[in-house]
Amino acid sequence: MSRDFAVGRNAQELFAPGSAASIEAADRAALSSPDGQYRNEFEVDRAGARCMVASIRIVVRNESNKPEFLLIVFEDITDRRSLSQELESTKKFLELVVDNIPVALIVEQVKDGRYLLANRSAETILNRRREETTGLTASDIFNPKEARLIIARDEAAIKKRGMITEEHPISTKDGLRLFLTRRATVLNDAGEPQYLIKTHEDVTDRRQTESRMAHMAYHDGLTDLPNRAAFLQALTQMIEACEGTGEEFAVLCVDLDGLKEVNDVFGHALGDKLLIEVAHRLQDSARGGVVARLSGDEFGLIIDGKQPEAGLALARQIGESVAREFQIDGRPVRAGITTGMSVFPHNGADGASLLANAGAALFRAKQKSRGTISLYQPEMDQQIRDRRVLHQDLSMAVKNGELSLAFQPQGAAGHSVGESEIIGFEALARWQHPVRGQVSPAEFIPIAEESGLIVEMGEWILREACREAASWPKPLQVAVNLSPAQFMHGDVVGLVHSILIETGLAPGRLELEITEGVLIEDFDRGLALLRRLKALGVRISMDDFGSGYSSLSYLQAFPFDKIKIDRAFIINLGRNPQSAAIVRAVIDLGHGLDMSIIAEGVETVDQLAFLAKEGCDGVQGYLLGKPLPIGKYAGLVGRAEAMELALKTG
Ligand code: C2E
Ligand code: CA
Ligand code: CA
């Protein structure tokens, strides 16, 4: 307010009632004060704005000592006041923080070693409430021996004027615990040590976890054997010990046979127990040598001595040991091993290549036959590398449009080629590799199956085959091969269903060729999927019949539409009488089960005539036609005629 406005008015007239009242109260207090002075702070409320005012009132008296004026000095302290409130709350806040950090914190005065501050966590170490520690020294709190030790460490930190970190056990009411202690010195303005800040952190649990983790990082959780990482380390140590000494050692890569079957039949819990038992037997046989679990059912061993004799002897020994029947949960369980072996220094200079080469030898051993032992040979390396490169290339093949389909005609078995009417085609995958040229499906399909690529590739093949067949003027059959891997992974039923809808191919024209592998891998699942496929209206045929186990129970379990007699029996038709008997029997068997029979690999007119005579329903083979791009069979699918017709009428 302006001076002119204020002069001549009293507090009531100038301020809000509350403020006016407190001003008047202060005035009265000043008048009645013995020394004629009065200080106070009060809040003034004027036009909605509040401010804090500090004031001093001095009573001015006249000659007769009567109060005549009040001299008042005001100062607006609003800002100062809020600052000090903030400081107050900051202090409380810091106390709260200090008290609640999960580390014991103690501040000591350097000059006399007295404790100035301790937080809540420090109570466990100090064994008393934090308020009670202020002013005490280490000697007041700890026993003489402990106190001497603590004071010595404090002094060392003060002398260093920096941070000292130590880890040591401290006995607390919870027992002996491991603490990480840090001592930091705080200097005053003159650069002299003034305070010592000590923190103690209980790291007992952390250290335990760390050591457990260190163990876990190098051990297999199930068998407690060293894992692959530890095995590689052991190999490196072994190499360092043998390098330049002429000493040899062997690396065995051991694959446990039968684990999958045990898991499937008895469940994974029993499979796990089998692995533990096998680990024990391997350790017993290795007599203190390194035994590690490299992956699911793969173990690694290191054996020194003259090679390959020592390694081969150990491999035979563990083979015999594992072959002895196991008793697990009261059940007899059988297993076996297949072994690959590499030798230092001949098969590798470092751990990784020794192990990789033992793995390559194992791969070869498994291909040969389960239960064998195979020694690494350099050419194996090349084969595996080739396979790996081929796999990489294959993963790009679909995207790069390198895959195509060849179609091979299937005919009704007539007594001559001319009488064998074409009823459909089998679609066969072809891969035109940019560098290698044509790669046989016998080579790339297994690679695709192993890596799971077959799912993506199989989808492409199925779509392409159905699309092609749907475009034929004649409604012929199209047969597509499905691999067991497509049944194990991926949604084969959903895929077939959506491709049929997408391409508009009548379900009755699609025939899916499966091998018994589908039922061997997982019988219940395989059967359920086959039933659902059949429910879509497609036909299912059993491919390569006679080449594998050809369990008759599969034929009984599922109503296949067709049986394809394996090429091997047809080739031998003219050569050995057994083949003719088998072919005859399969035809009868199939007809008895209401299934139609088609013979694969028919190359000669004699074979065709024999099959027709025996009542075989269909034939497929080079005699009727090789697998070729569909353009070569345009006439058979009705395209050339359609063209002619179009030309004539057009
Ligand atoms: P498969 O299903 O038994 O196919 C028949 C194989 O026999 C084909 O070999 C075919 O070219 C060959 N063949 C046909 N007629 C004759 C003949 O008269 N004499 C001789 N010696 N051979 C004949 P291909 O095309 O090399 O396929 C080999 C295997 O690769 C197939 O055997 C099948 O198991 C697999 N395969 C081929 N394409 C695919 C596919 O698209 N998907 C899947 N999952 N597998 C496929
Ligand atoms: Ca086939
Ligand atoms: Ca076949």
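The model shown is predicted, which means the values in this text are computed figures rather than measured ones. (Residues numbered from 1 in each chain as written. Chains lettered and ligands numbered in written order. Predicted model: local features only at pLDDT ≥ 70, side-chain atom pairs only at ≥ 80, totals over all residues. Heavy atoms only, no water.)

### As for the pairing of strand β10 (residues 291-295)
Phase 1 of the analysis: The buried fraction of β10 amounts to four of the five residues, a majority that puts the element mostly inside the structure.
Phase 2 of the analysis: Note: β10 against strand β11 (residues 298-304), four bridges, orientation antiparallel. Within β11, the residue paired with R293 across the bridge is F299.
Phase 3 of the analysis: Where β10 folds back on β11, the antiparallel hairpin that results is connected by two residues. (Buried < 20%, exposed > 50% of the residue type's maximum accessible area, 1.4 Å probe, protein only. Helix = DSSP H or I, 4+ residues; strand = E, 2+ residues; numbered from the N terminus. Pairing = 2+ DSSP bridges.)

### Topic: the site of ligand 1
Phase 1 of the analysis: Around ligand 1 sit 21 residues, and of these Q408, R430, R567, E603 and Y622 come closest.
Phase 2 of the analysis: In the model, an oxygen atom of ligand 1 is placed 3.3 Å from a nitrogen or oxygen of the E426 side chain.
Phase 3 of the analysis: When ligand 1 sits alone it has 790 Å² of accessible area, and the protein chains cover 83% of it.
Phase 4 of the analysis: Mapped onto the shell around ligand 1, the elements with two or more residues apiece are β17 (422-433), α15 (441-451) and β21 (539-545).
Phase 5 of the analysis: Ranked by residues supplied to the shell around ligand 1, first place goes to β17 with four residues.
Phase 6 of the analysis: Looking at side-chain class alone, the shell around ligand 1 contains nine nonpolar, five polar and seven charged residues. (Near = heavy atom within 4 Å. Polar contact = N/O pair within 3.5 Å; in protein donor to acceptor, adjacent residues only side chain to side chain. Areas by Shrake-Rupley, 256 points an atom, 1.4 Å probe, with all protein chains shown as cover. Nonpolar A, V, L, I, M, F, W, Y, C, P; charged D, E, K, R; others polar.)

### A closer look at the side chain of T199
Phase 1 of the analysis: Position of T199 among the secondary structure elements: in strand β8 (residues 193-202).
Phase 2 of the analysis: When its relative accessible area of 18% is taken as the criterion, T199 is described as buried.
Phase 3 of the analysis: Once residues within four sequence positions are removed from consideration, T199 is found in contact with V103, A104, L105, L180, T181 and R182. (Contact = heavy atoms within 4.5 Å.)

### Brief notes about the coordination of the calcium ion (ligand 2)
Phase 1 of the analysis: Distances from the calcium ion (ligand 2) to its protein donors, E426 (OE), N481 (OD1), E513 (OE) and D543 (OD), fall within 2.1 to 2.4 Å.
Phase 2 of the analysis: Mapped onto the polypeptide sequence, the residues donating to the calcium ion (ligand 2) form the spacing pattern E-x54-N-x31-E-x29-D.
Phase 3 of the analysis: Separating the calcium ion (ligand 2) from the calcium ion (ligand 3) is a gap of 3.9 Å, which D543 spans by donating to each of them. A residue pair is termed long-range when its members are at least 10 positions apart, and N481 in strand β19 (residues 477-481) and D543 in strand β21 qualify at 62 residues.
Phase 4 of the analysis: You can call N481 partly exposed: its relative accessible area is 27%. (Donors = N, O, S within 2.8 Å, 3.2 Å for Na, K, Ca; no water.)

### Things to note about the domain arrangement of the protein
Phase 1 of the analysis: Segmenting the protein into domains produces domain 1 (3-82), domain 2 (101-207), domain 3 (218-377) and domain 4 (398-642).
Phase 2 of the analysis: Domain 1 and domain 3 are separated by 97 Å when their C-alpha centres are compared. (Domains from an automatic or database assignment.)

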